[in-house]
Amino acid sequence: MEPVHSRHLSSGPSENSSFSSSETSYSVTNPKKTIKHCCRKIVAFMCTQVGVGGLIVGYAVMGAFGFPLLENSYQNPKNEGVLQFTNITLDRLWIITQQYNILENEQWTKEALQILIDFQSNVTRSIKDGYSGGASTQSEWTFPATLMFCLSIFTMIGYGNMVPRTVGGKIATIVYAVFGIPLYILYFKNMGKVLAQTFRWTYTCIYRCSMEDSHPKSSKDPPQKRVIVPSTACLWVLFAYVAIGTAMFSSWQNWSVMDSAYFCVTSLCKIGIGDFAPDHILVPTFGGTRTRLVFTFVYLLFGMGIIAMCFDLMREDVTVRVRNLRNDIVLFFEDIQARAVDLYKRRNSWDSEN
């Protein structure tokens, strides 16, 4: 009986080991757990700096492909009305041209001027009612122009030069803004941290190299403290970036230097007044408006990261300055208190002696 009992005991662990191995293999090959594990990795990557940057660009590209599908079917009734009135104006001009000969120049000029004034008034009224200048929706909602439209939505700039006309486009704009604005805020914070770390490291290296050249390092020197980037350096970076954009838009858009600088500042600060906006009626050339709109998208998106970087660095500088000011104020009052106590002791000792 003993051998049988021993065989029975020895068979127990083997069964348990086979069961555990089968459970492990089941957990490894379980598709639900594998999908959950992959989703966790994807979400973790998307929350990193690189992932958020790629996500915001992908979100803009998705909108640039989606909005034209909704808006290209829209036909503006004002375009057809202006076209008809243009033909009527041409017919009226041709009639008075046939009616008056070359000797009746003043009468022809007077009536032609009145016809053109009527045409101008009609076109102005149509523009206020939504006339888009005769451009078709296919030439307006192109990929670069829609990319800038998406940027103006989730960055909350809102130029207003392009607006959705269809009901589906308006609903899509609402949904796009609801999900895009939080995504942009996440990009703003993460991109600011990355650029702040990079700029802080660069500034620290330059600062320490310049200090070593002027004061050679010795073994008795205390350990180096953390270098705080001054606010003036951040302001110089912003000034240089705005200057680059001013030169770029002044050349591309035929704006004055003041207007270009005004556009850069109002766009990077997300004011979005809308009196100046990049052209969205496009010229189909590589060096034309298509490529320039893409560069404008990159300039504004990266520039908002520069704004976040400067905000992070200037906040650190201001925090250190406020802390130092607080310590100076505490030391000042402690010094006054010590002097008052010393004066009080001296007065008491003088009174006791007298």
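Residues numbered from 1 in each chain as written. Predicted model: local features only at pLDDT ≥ 70, side-chain atom pairs only at ≥ 80, totals over all residues. Heavy atoms only, no water.

Looking at an unreviewed UniProt entry, one finds the protein chain named Potassium channel domain-containing protein, with Parthenolecanium corni as its source organism. Word for word, the UniProt comment on the protein chain under Sequence similarities (unreviewed entry) is "Belongs to the two pore domain potassium channel (TC 1.A.1.8) family." (UniProt positions renumbered as here; feature names shortened; annotations may be inferred.)

Visitor: What is the right way to read the UniProt feature "transmembrane region" (unreviewed entry) in the protein chain from this model?
Guide: Summarizing the sequence annotation, UniProt attributes the feature "transmembrane region" (unreviewed entry) to residues 42-67, 171-188, 227-249 and 293-314 in the numbering used throughout. Secondary structure content for residues 227-249 is 83% helix and 0% strand, and the end C-alpha separation is 36 Å. In this annotation, residues 293-314 is assigned 100% helix and 0% strand; the end-to-end C-alpha distance for the span is 31 Å. (Helix = DSSP H or I, 4+ residues; strand = E, 2+ residues; numbered from the N terminus.)

Visitor: Got a minute to help me understand the nonpolar core in this structure?
Guide: Burial of nonpolar side chains together is a common tendency in soluble globular proteins. Counting 48 residues, the largest nonpolar core has F154, Y176 and Y299 as the members making the most contacts within it. Sorting the residues of this core by element identifies α3 (49-71), α7 (143-154), α8 (167-214), α9 (231-252), α10 (257-268) and α11 (289-353) as the ones contributing at least two each. Excluding anything up to four places from it in sequence, Y176 contacts Y59, A60, G63, F67, C150, I153 and F154. (Core = buried A, V, L, I, M, F, W, Y, C linked by side-chain atoms within 4.5 Å. Buried < 20%, exposed > 50% of the residue type's maximum accessible area, 1.4 Å probe, protein only. Contact = heavy atoms within 4.5 Å.)

Visitor: Is there a simple way to think about the pattern of salt bridges in this case?
Guide: Close approach of charged atoms allows side chains with opposite charge to pair. Going through the model one piece at a time under the given rule, you end up with seven salt bridges. Residue R315 pairs with D312 through a salt bridge whose shortest N-O separation is 3.0 Å. Of the two residues, R315 and D312 are both situated in helix α11; the distance of three residues between them amounts to about one turn of the helix. By relative accessible area, D312 is classed as buried at 18%. Two residues, D317 and R321, come together in a salt bridge whose shortest N-O distance is 3.2 Å. Separated by four residues within a single helix, D317 and R321 lie in helix α11, roughly one turn from each other. In this structure D317 comes out as buried when scored by relative accessible area, which is 5%. (Salt bridge = Lys/Arg side-chain N within 4 Å of Asp/Glu carboxyl O.)

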